[in-house]
Amino acid sequence: NAGVIQTPRHKVTGKGQEATLWCEPISGHSAVFWYRQTIVQGLEFLTYFRNQAPIDDSGMPKERFSAQMPNQSHSTLKIQSTQPQDSAVYLCASSLRDWGVEQYFGPGTRLTVL
Amino acid sequence: TQTVSQSDAHVTVFEGDSVELRCNYSYGGSIYLSWYIQHHGHGLQFLLKYYSGNPVVQGVNGFEAEFSKSDSSFHLRKASVHWSDSAVYFCAVSPTNSAGNKLTFGIGTRVLVRP
């Protein structure tokens, strides 16, 4: 079991460019979560999928951010027209059941927007 | 809206000492409580959780936490720390009536274990 895989581990973009972050959840886990971690704001929930269906995106910035889960083996978080304030570590987590608080986190993708 | 407060930003202890990390929460309904650990450069790792029953729950690597409804607290303890326990510890809450268990985290407590 390789755990939750996130790629790339580090990404540097210029202001205005697009960034796509990938997450491969643990096989068999039905729930996938995205969080953002910054020094100032700490850990923030972004969005959540259950059995590939989007359930709750209440934490997603309304503009420029989108997330998809086209199949059970991966999810993507896309940020269009990146801004310096988007710089953060983006963490993906999966859970065996969506009502399980035991979430398994990937190592994160550190996004730096210059 | 639920909030999580971790009053200590930094804690320094010596190897072999005991440690207690404080967590207080506010929420009007039923919740899950949990603790996670994050080593530098890594993702979060689940330590333990509480929902109901015995207020003292055991986790991995000798950690335990105690729930107190009267104090709205869920403090984490370890009797004898090891250098590998140096990390950031996050307390988290999740309402049981939400559509899914998105976690609301505290700001974290950075623990440094000195030899």
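To be clear, the structure that these remarks concern was listed above.
Below, the structure is looked at part by part.

Reading the values: rules and limits
Residues numbered from 1 in each chain as written. Chains lettered and ligands numbered in written order. Predicted model: local features only at pLDDT ≥ 70, side-chain atom pairs only at ≥ 80, totals over all residues. Heavy atoms only, no water. Helix = DSSP H or I, 4+ residues; strand = E, 2+ residues; numbered from the N terminus. Rg over C-alpha atoms; globule rule 2.2 N^0.38 Å. Buried < 20%, exposed > 50% of the residue type's maximum accessible area, 1.4 Å probe, protein only. Areas by Shrake-Rupley, 256 points an atom, 1.4 Å probe, with all protein chains shown as cover. Lys, Arg positive; Asp, Glu negative; His and termini not counted. Charge placed at Lys NZ, Arg CZ, Asp CG, Glu CD. Contact = heavy atoms within 4.5 Å. Buried area = accessible area lost by both parts, 1.4 Å probe. Salt bridge = Lys/Arg side-chain N within 4 Å of Asp/Glu carboxyl O. Pairing = 2+ DSSP bridges.

## Looking at the overall build of chain B
Logical step 1: The secondary structure content of chain B amounts to zero helices and 12 strands.
Logical step 2: Taken over the C-alpha trace, chain B has a radius of gyration of 14 Å; the compact-globule value for 115 residues is 13 Å, and the two agree within 12%.
Logical step 3: Out of the 115 residues belonging to chain B, those deemed buried represent 46%.
Logical step 4: Surface accessibility of chain B: about 5,700 Å² in total, with carbon and sulfur atoms responsible for 50%.
Logical step 5: Each charge sign in chain B was given a centre, from 8 positive and 8 negative side chains, and these centres are 9 Å apart.

## Overview of the interface of chain B and chain A
Logical step 1: Every contact between the two is made by 17 residues of chain B and, on the other side, 21 residues of chain A.
Logical step 2: For the pair chain B and chain A, the summed buried surface comes to about 1,600 Å²; carbon and sulfur atoms form 58% of the total.
Logical step 3: Ranking the residues of chain B by area buried against chain A places L44, N101 and K102 of chain B at the top, with a combined share of 32%.
Logical step 4: Linking chain B with chain A are one salt bridge, by the criterion used here.
Logical step 5: Looking at the side of chain B that touches chain A, the elements that each hand over two or more residues are β5 (31-38), β6 (44-50) and β10 (87-95) of chain B.

## Some words on the pairing of strand β8 (residues 74-79) of chain A
Residues and elements named next belong to chain A.
Logical step 1: In terms of burial, β8 is a largely internal element, five of the six residues being buried.
Logical step 2: In this sheet, β8 lies alongside strand β7 (residues 65-71) in antiparallel orientation, the contact comprising five bridges. Bridge pairing in β8 links S66 to K78.
Logical step 3: The hairpin formed by β7 and β8 contains two residues between the paired strands.

## What about the pairing of strand β11 (residues 109-113) of chain A?
Residues and elements named next belong to chain A.
Logical step 1: By the alternation rule, side chains of β11 split into T109, L111 and V113, which are all buried, and R110 and T112, of which none is buried.
Logical step 2: Relative to β11, strand β2 (residues 10-13) runs parallel, the two sharing four bridges. Across the sheet, K11 pairs through a bridge with L111, a residue of β11.
Logical step 3: Of the pairings in the sheet, the one linking strand β9 (residues 88-95) to β11 comprises three bridges and is antiparallel in character. Within β11, the position partnered with A88 by the bridge is L111.

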